[in-house]
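Structure at a glance
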There are 2 protein chains.
Amino acid sequence: MDGYAVRAADTFGASEADPARLSVAGTVHAGEEPAVEVTAGRAVVVSTGAVMPPGADAVVKVEATTEADGGDAVDVRTSVAPGTAVMLAGADIAAGSRAIGPGTKLTAREIGVLSALGVGSVRVRGAPTVGIISTGDELVRPGDPLDSAAGQIHDVNSHTIAAAVEAAGGEPVVYPHAGDDYAEMERLLVESAADCDLVLSSGSTSASAVDVIYRVAEERGDLLLHGVAVKPGKPMLVGEIEGTAYVGLPGYPVSALTIFRVFVAPVVREAAGRGQPEPTVVTGEMARQERSAEGRRRLLPVGLVEDGAGDRLVYPVDKGSGATTSLVDADGTVTVPADTAYVAAGDSVDVALFAPDARAPRVLAVGEDDPLFSRVLDDVARPRFLPVGTREGLRRLREGVPDVVVVAGPATPDGDAVSLGGWTREWGIVVPAGNPAGVDSVADLVDRDLGLVNRARGSGLRRCFDDAIAALAAERPASRRALTDAIDGYELTTTAHESPARKVAAGDADAGLGLAATAASLDLGFVPLGTQSVTVVAAPDRVDKPGVRDLAAALDDCGGLAAPLEGIDPQ
Amino acid sequence: MDGYAVRAADTFGASEADPARLSVAGTVHAGEEPAVEVTAGRAVVVSTGAVMPPGADAVVKVEATTEADGGDAVDVRTSVAPGTAVMLAGADIAAGSRAIGPGTKLTAREIGVLSALGVGSVRVRGAPTVGIISTGDELVRPGDPLDSAAGQIHDVNSHTIAAAVEAAGGEPVVYPHAGDDYAEMERLLVESAADCDLVLSSGSTSASAVDVIYRVAEERGDLLLHGVAVKPGKPMLVGEIEGTAYVGLPGYPVSALTIFRVFVAPVVREAAGRGQPEPTVVTGEMARQERSAEGRRRLLPVGLVEDGAGDRLVYPVDKGSGATTSLVDADGTVTVPADTAYVAAGDSVDVALFAPDARAPRVLAVGEDDPLFSRVLDDVARPRFLPVGTREGLRRLREGVPDVVVVAGPATPDGDAVSLGGWTREWGIVVPAGNPAGVDSVADLVDRDLGLVNRARGSGLRRCFDDAIAALAAERPASRRALTDAIDGYELTTTAHESPARKVAAGDADAGLGLAATAASLDLGFVPLGTQSVTVVAAPDRVDKPGVRDLAAALDDCGGLAAPLEGIDPQ
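The rules behind these values
- Residues numbered from 1 in each chain as written.
- Chains lettered and ligands numbered in written order.
- Predicted model: local features only at pLDDT ≥ 70, side-chain atom pairs only at ≥ 80, totals over all residues.
- Heavy atoms only, no water.
- 1 Å grid on protein atoms, 1.4 Å probe; cavity = no way out; pocket = protein on both sides within 12 Å on 5 of 7 lines; lining within 4 Å.
- Points joined across faces, edges and corners; volume = space filled by probe spheres on them.
- Helix = DSSP H or I, 4+ residues; strand = E, 2+ residues; numbered from the N terminus.
- Nonpolar A, V, L, I, M, F, W, Y, C, P; charged D, E, K, R; others polar.
- Domains from an automatic or database assignment.
- Pairing = 2+ DSSP bridges.
- Contact = heavy atoms within 4.5 Å.
- Buried area = accessible area lost by both parts, 1.4 Å probe.
- Salt bridge = Lys/Arg side-chain N within 4 Å of Asp/Glu carboxyl O.
- Polar contact = N/O pair within 3.5 Å; in protein donor to acceptor, adjacent residues only side chain to side chain.
- Least-squares fit on C-alpha atoms with pLDDT ≥ 70 in both.
- Buried < 20%, exposed > 50% of the residue type's maximum accessible area, 1.4 Å probe, protein only.
- Phe/Tyr/Trp six-rings, centres within 6.5 Å; stacked < 30°, edge-to-face > 60°.
- Lys NZ or Arg CZ within 6 Å of the ring centre and 35° of its normal.
- Axes fitted to C-alpha atoms, helices over the stretch in contact; angles between N-to-C directions.
- pLDDT = per-residue confidence, 0-100.
- Parallel < 35°, antiparallel > 145°, perpendicular 65-115°, else oblique.
- Left-handed = near helix turned anticlockwise from the far one by under 90°.

Glancing now at empty space enclosed by the protein. For the structure on display, the rule yields one cavity of 30 Å³ or more. Taken as a whole, the largest cavity spans an internal volume of roughly 80 Å³. Lining the largest cavity are Arg109 of chain A together with Val254, Leu257, Thr258, Arg261, Leu299, Pro301, Ser326, Leu327, Ala330, Thr333 and Phe354 of chain B. Top contributing element to the lining of the largest cavity by residue count: helix H5 (residues 253-271) of chain B, with four residues. Grouping the amino acids of the lining of the largest cavity by side-chain chemistry returns seven nonpolar, three polar and two charged. Looking at which domains feed residues into the lining of the largest cavity, each of domain 2 (129-271) and domain 3 (281-353) of chain B gives three or more.

Moving on: the pairing of strand S16 (residues 281-286) of chain B. All names here are of chain B. Relative to strand S22 (residues 348-353), S16 is paired through five bridges, and the arrangement is antiparallel. If you follow Val282 over to S22, its bridge partner there is Val351. One ladder, built from two bridges, connects S16 with strand S19 (residues 312-316); its direction is parallel. In the sheet register, Glu285 faces S19, and the bridge partner there is Leu313.

The next thing to look at is the interface of chain A and chain B. Chain A puts 82 residues into the contact, and the matching count from chain B is 82 residues. The contact between chain A and chain B buries some 6200 Å² in all, and 57% of this surface belongs to carbon and sulfur atoms. If you look at where chain A meets chain B, you find two salt bridges. Between Asp378 of chain A and Arg98 of chain B there is a salt bridge, with the nearest N and O atoms lying 2.8 Å from each other. Counting across the interface, chain A meets chain B through 20 residue pairs in polar contact (both at pLDDT 80 or more). For the side of chain A that touches chain B, the secondary-structure elements that each account for two or more residues are helix H1 (108-116), helix H2 (157-167), helix H6 (325-329), helix H7 (371-377) and helix H12 (499-505) of chain A. Among the elements that take part in the side of chain A that touches chain B, H1 of chain A stands out by supplying eight residues, more than any other. Split by residue class, the side of chain A that touches chain B holds 34 nonpolar, 28 polar and 20 charged.

Here we take up the relation of the copies chain A and chain B. Note on the identical chains: chain A maps onto chain B by a rotation of 180 degrees and an axial translation of 0.0 Å, with an RMSD of 0.2 Å. With respect to symmetry, the two chain copies, as superposed, fit the operation of a two-fold axis. Considering only C-alpha atoms, the residue of chain A closest to the rotation axis is Pro356 of chain A, which sits at 3.2 Å.

As a further point, take the pattern of salt bridges. Within this structure, the stated rule accounts for 54 salt bridges over all chains. Salt-bridge contacts for Arg480 of chain A lead to Asp466 of chain A; the nearest nitrogen and oxygen are separated by 3.8 Å. Of this pair, Arg480 of chain A sits in helix H11 (residues 480-486) while Asp466 of chain A sits in helix H10 (residues 460-475), placing them 14 residues apart in sequence. Its relative accessible area of 13% is what places Asp466 of chain A among the buried residues. A salt bridge links Glu368 of chain B to Arg425 of chain B; its shortest N-O distance comes to 2.9 Å. Of this pair, Glu368 of chain B sits in the loop between strand S23 (363-367) and helix H7 (371-377) while Arg425 of chain B is found in strand S26 (residues 418-431), placing the two residues 57 residues apart along the sequence. A relative accessible area of 1% means that Arg425 of chain B is categorised as buried.

Within the secondary structure, Val407 of chain B sits in strand S25 (residues 404-408). Beyond its immediate sequence surroundings of up to four residues, Val407 of chain B is in contact with Thr390, Leu394, Thr412, Pro413, Ser533, Val534, Thr535 and Val537 of chain B.

Right, let's get into the packing of aromatic side chains. Applying the stated criterion across every chain yields a total of four aromatic pairs over all chains. Measuring from centroid to centroid gives 5.3 Å for Phe373 of chain B and Phe385 of chain B, while their planes differ by 65 degrees, and the two rings are edge-to-face. Of this pair, Phe373 of chain B sits in helix H7 while Phe385 of chain B sits in strand S24 (residues 383-386), and the two are twelve residues apart along the sequence. Judged on exposure class, the residue Phe373 of chain B and its partner Phe385 of chain B are both buried. Over the face of the ring belonging to Tyr342 of chain A we find Arg291 of chain A, whose NZ or CZ atom lies 5.9 Å from the ring centre.

For the rest of this paragraph, the subject is the sheet that holds strand S7 (residues 129-134) of chain A. Residues and elements named next belong to chain A. Within the open sheet, the six strands sit side by side as S10-S7-S11-S15-S14-S12. Their pairing is mixed. On the outer flanks of this sheet lie strand S10 (171-174) and strand S12 (221-226), each paired with one strand and no other. Adjacent strand axes in the sheet meet at a mean angle of 20 degrees, parallel and antiparallel pairs treated alike. Judged from the five bridges that link them, strand S14 (residues 237-241) and strand S15 (residues 244-249) form a sheet pairing that is antiparallel.

With that out of the way, let us pick up the confidence of the model for chain A. All names here are of chain A. Averaged over all residues, the pLDDT of chain A is 88; the fraction at 70 or higher stands at 95%. The lowest-confidence element of chain A is strand S31 (residues 568-570), averaging 60 in pLDDT; the highest-confidence one is S10, averaging 97. Per-residue pLDDT stays below 50 along residues 560-564; that stretch engages in three contacts with residues further than four places along the chain or on separate chains. For this predicted complex, the interface confidence score (ipTM) comes to 0.82, while the overall pTM stands at 0.80.

Residues and elements named next belong to chain A. Following both chains from N to C, one finds helix H3 (residues 182-195) and helix H4 (residues 213-220) inclined at 55 degrees, their axes separated by 9 Å at the closest point. The angle between H3 and H4 places the two elements in the oblique class. The two elements H3 and H4 cross, and the hand of that crossing is right-handed. Contacts from Tyr182, Met185, Glu186, Leu189 and Val190 of H3 reach H4 at Ile213, Arg215, Val216, Glu219 and Arg220. Classifying every residue of the contact of H3 with H4 gives six nonpolar, no polar and four charged.

The next thing to look at is the sheet that holds strand S1 (residues 3-6) of chain B. Sheet strands associate in pairs through backbone hydrogen bonding, adopting either a parallel or an antiparallel arrangement. All names here are of chain B. Read from one edge to the other, the open sheet built from six strands follows the order S4-S1-S3-S2-S6-S5, with strand pairing classed as mixed. This sheet does not close on itself; its edge strands, each paired only once, are strand S4 (58-61) and strand S5 (65-68). If you compare each strand with its neighbour and ignore which way they point, the axes differ by 40 degrees on average. Where strand S2 (residues 20-28) lies against strand S3 (residues 42-46), five bridges are found, and the strand directions are parallel. Across the sheet, Val28 pairs through a bridge with Val46, a residue of S3.

For the rest of this paragraph, the subject is the domain arrangement of chain A. Many descriptions give the size of an interface as the accessible area lost when the pieces come together. Residue and element names in this part refer to chain A. On domain assignment, one finds that chain A holds domain 1 (3-76), domain 2 (129-271), domain 3 (281-353) and domain 4 (365-571). Averaged C-alpha coordinates put domain 3 and domain 4 at centres separated by 30 Å. Contact with domain 3, which involves 14 residues of that partner, is made by ten residues of domain 4. Carbon and sulfur atoms make up 48% of the area that domain 3 and domain 4 hide from each other, which totals about 920 Å².

Next comes the structure, spelled out in C-alpha cells:
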C-alpha cells in the first residue's frame, strides 16, 4: 500500500488520540532497490508495490498517518501488527508450485497468471484444419446471382459449417463447391485430404444415380459407415480419404449442421484442446404435443419461451431439413428416442442448447406478416417473430405458446387478449407500374382474362379478399364458388405477403393480392380495395414480461417513424 | 428427394401388392431447368433439390419404386398425396419476410440463413478499439528478465486486460507500459485517446505522491469519478481524455480484472453489438463462513466443488488483490452487500460465473505440495490443486470442502478417509552442489554457523524436520527451543516446497529444507535425513466422483512414469 514502512513495534499503542511520531528516513518507490534502512523510531515512505526496506516489518497506510515537521516526521495514528500490508515473495505462486496444467483453456485469468510468472509465450494446441467441400451442380456462391428456374440455390453449407468449425476451435478451409462430376469431386477431395487434418463434404451422400462422393471415398480411401439412425441427418458418411479422416455431411443445411454438432464438433474441440464441455442443457415443459416414431432417434429442433410465471416452455420448430429458418427459429434440440411415438404436451423435456448463452427470446410474436410490424421489431431487443398468418397465430395464442399475436382484421382475438397497439393498412390489387391493363376492381379479376397470385388461406389479407368476393357474389347475385372459379390463379397462393407483388414485378402475373406499402416499395401500381386493421395483442399473463413491455413501447413510438410506410396509418 | 416426379392422382391406390406402372419421360437433375413435362401416366426421374417439372405435383421417393422395362418405366409401390416431398418456393423464407433483425449475433445458424438468401456480405458492428496502458516504474514485460531486488514485477495487466477486451468483443491495442513520469504518461494517454474508442490504464490511481495519472486526466480531459465502493477495486477513475472515454483500472490484477468485468466489459460488449447477456449465475451452498463488513460492496472470488451427492458447494478464494492465483483458483464471484457482516456456512449463495462455461473442477485436491503429485495431475482432466500444506489440507477435509487431500507423513488423516495411493519421498538438507561446507546432519545446523531456509509450519516436511530436532534434543539432552534458537534461519520460512532449495541455488543460504527430487532437479547437493510417506486420501463420500476416480487411476499409473523422480518411490 502507499504509506510508511515501519517496525510494527514502534506503532504499538498508537491511536487517533495518541499517535506515534516517527522520523522519516527516506523513500522507496515501486521499481527501485531500497537505499535506506528502517531502524527503531524511523519510517520510510513507500508506494504500492515497493520493495520493503531492510528493518521494516509492516506498512502503515497513508490514510492512517499525518505528516509532521514539514515532512521530516510522520504521526502514525494506528497500531499495526508485524506483516501488515506486506506481501511475502512466493505468497502468490512459489517456485516449484503447479501454476497451470496441460489442457487448460487460456482466458484472461490464466494469461494473468502466466504474465505474473514472466512467461512471454507458451505452447498451445494448434487449431486443426478442416477442409469443407459443398457438393451439387445446383449450388451458387452467396452474393452471386441465381437462375431459380434451373433450380439453382445458394451454397448454404460452406460458410455455415465453416462458422461452426471456427466456433469449435478448428480452422476452416473452404474449397470451391464441387459439381456432381466424379473426376472433379475426386480431385477436390484428394487435394483437401492432403492439405487438412479433417475433410468434410456436404450433400451428395444418398445413393442415387448422380451421387458419386461415396464412390470416391471407397476408391481413394475407406468408407467405414454410411448412414446413422438419426433424424435429421440420416445420410452421413464416415471414412478416410488418402489416410485423412473424412465425414460426409448431408446436404440439407439443418441436417448438415445437426450432424456436425453431434458427431464432428466434439472431435474438432478435442483436437483443438478445448476439452469436452457437455452441451448446456435446460429443462422445460413441452407446450404442445409432437408426434415422432420415425424408427430413428430424432433431434427435434425446439424454441424456448418463458411464460408469465417465468417458467420455460418448449415448442417444436420443425419446418423440414431444407428450411434454414429452422436454424434461427430454434434454440436447441430435444432428443426423442427412436421408439417414442410422441412427446406429450406438459411433458418435462431436456433441451440441449445450440450455445451455452442461448436463451429464450425476450418476446415471442407470431401471426400476420406486416411491413410496419417488421420495422417495429427492429427497436426491440432479442425478439422472435414467426409469420404464420393471423388464423394460425390466434390458434397458437389459445395453445398458450406465444407472448404476442399480430392479428389482421377482420379476425379478432379472444376477449381476454390485451391490445398493445395497432394501425390500419390499405390493401388491394398490385398491378404493373402504370396499371397497363386498367384493372379497377375485383369484378375485373372475375370477368377479364387476368392472371392473379393470391395469398394463403390463413392470412388476414386473404380473408379481406374473400369478403370482397362474397360481397360481389351477393351483388350480382352469383355463387361465391362461381366467381372464384372464374379468377385465373385464385388457387395460386403464397405464404408471404410480398410474394404476389413480386410475381407481378417479375412479369409472371397480371395482378397480385397485396398492400399499398408493398406496391409502393416495389414501384408497382396499386388498385385500392379497402383498409384493414392490424392489432398486436398479448396473452394476458405475458403483458408484464419485459420484452412484451418493450414491444408495447416500440409500438407506441411507431407513429414517429422517420418515413411512414405508404398506406399504413398508425392509430 | 431422389425419386420420381409424378401426378399424385396416378399413384392413388398403388401399394406393394399392386404397384402403379408409369412410363419414364426423362430426368431432371438438381441445378438444371426441366426440359420435360409430366403428363398423365408418366413420371420423371428427379434428384434431391431438382426443380419440379411442369405437370408434376408430388415426388415418390426412389425407395418406394422399382425400375421396370429396363428403365423405360417405373413401378410405384405407394400412393402419395399432392405436394408430397415437394418444397414450395418461399416455404423457408419468403420475399418481404423478416429474416434476421438488427443486433443479432451471427453464429453458424444465422450465417446459414444469410447464405440461403444469397447474402454475400452484411454490415456488422465494428469492434471498438480499446487502448491499454499499464503504469508503474516497476513493470517489466513478461518474458523479459526481472530485477527482483529492485521490486520489479512483470506487467500482468496489459495482456490480461487485452484478453478480456477481446473476449468482450473489443480490439485491444496494447501500448508500452508507462513509468510514473508525468510527461510520458501524458504523451501515452493523449496518443491512445486519439487512436482508440476507449482508453484503459491500470495502476497509478491512488492519491499518492508518485501517482500522476489522475492529474493527466484532470488537465487533458475530465475526471468524473474517483473511487467506487467495491472490493476489490476501490481506486477506479472514470473520465475522458481529449474527448475519448477513459477508465483508470486499479493496479492489482484481481482488482483490475474485476473492475473491468463489472464496469467496462458491458460497455465494450454493447459497443461491439454483442448485447448484454446477464452473467451466468449458479446457486450453491456456502461451504464455510466468510467474514466481510468492509463498508463497501464485496465481490468475493469463490471456487466451486460438487459434493458426493452432486450438490454444488461454494468456498471463498481470497488471497488478496495482489495474488494472481486468486484469478485461476476461482470460478466466479459472490456479491456481499456493504452492510453484511458475514456469509454463514450453509447459506445459499448466487455465484456470477467468470464465463458461461465455467464449471467446478472435476476434482478438487488440497494439501502438501509434491513434485510427483504435480506430475500426476497432468494426467487428470480439469483438476484443481491448492497447495495449502498437510495440516491445513486435513482441516479443510474435515470442513467438507475438498475431494482429496495430499498428506505428507508423519501426519495421518482421520480414520474414514479413503487412500487413493501414495509413495515415499526422501527429505533432508539441500546444500550447494558438492556440499562445500560439508553439512552432514541436523546437528551441523545447530552447532555451526550455517544460514538455513526453513519450510512453513503447516507442511509435512517441516514436521519431519521438527521431529528430527526433537530427537536430537532428547539425545543431547537439550531443550527443543535451545536447538531451534541456535539454528540461524529456523524462523525464516517459505510456503512452497522448492523455495528453500532455490535460496540455496541463488547463494542466499547455506542450507535449505527440501526433497531429494528438488535438489536433483536444481543440480544441488543433498544431505538425506529420512524418508516420508505421501498419501493421497479422498473424502469417503467423494470416492465415486468421476474426477476422483480419474485421479486414483492416474496414481495407479504413476509407477510407470517415464522418468521417475529422484528420491521418490511409488508404493
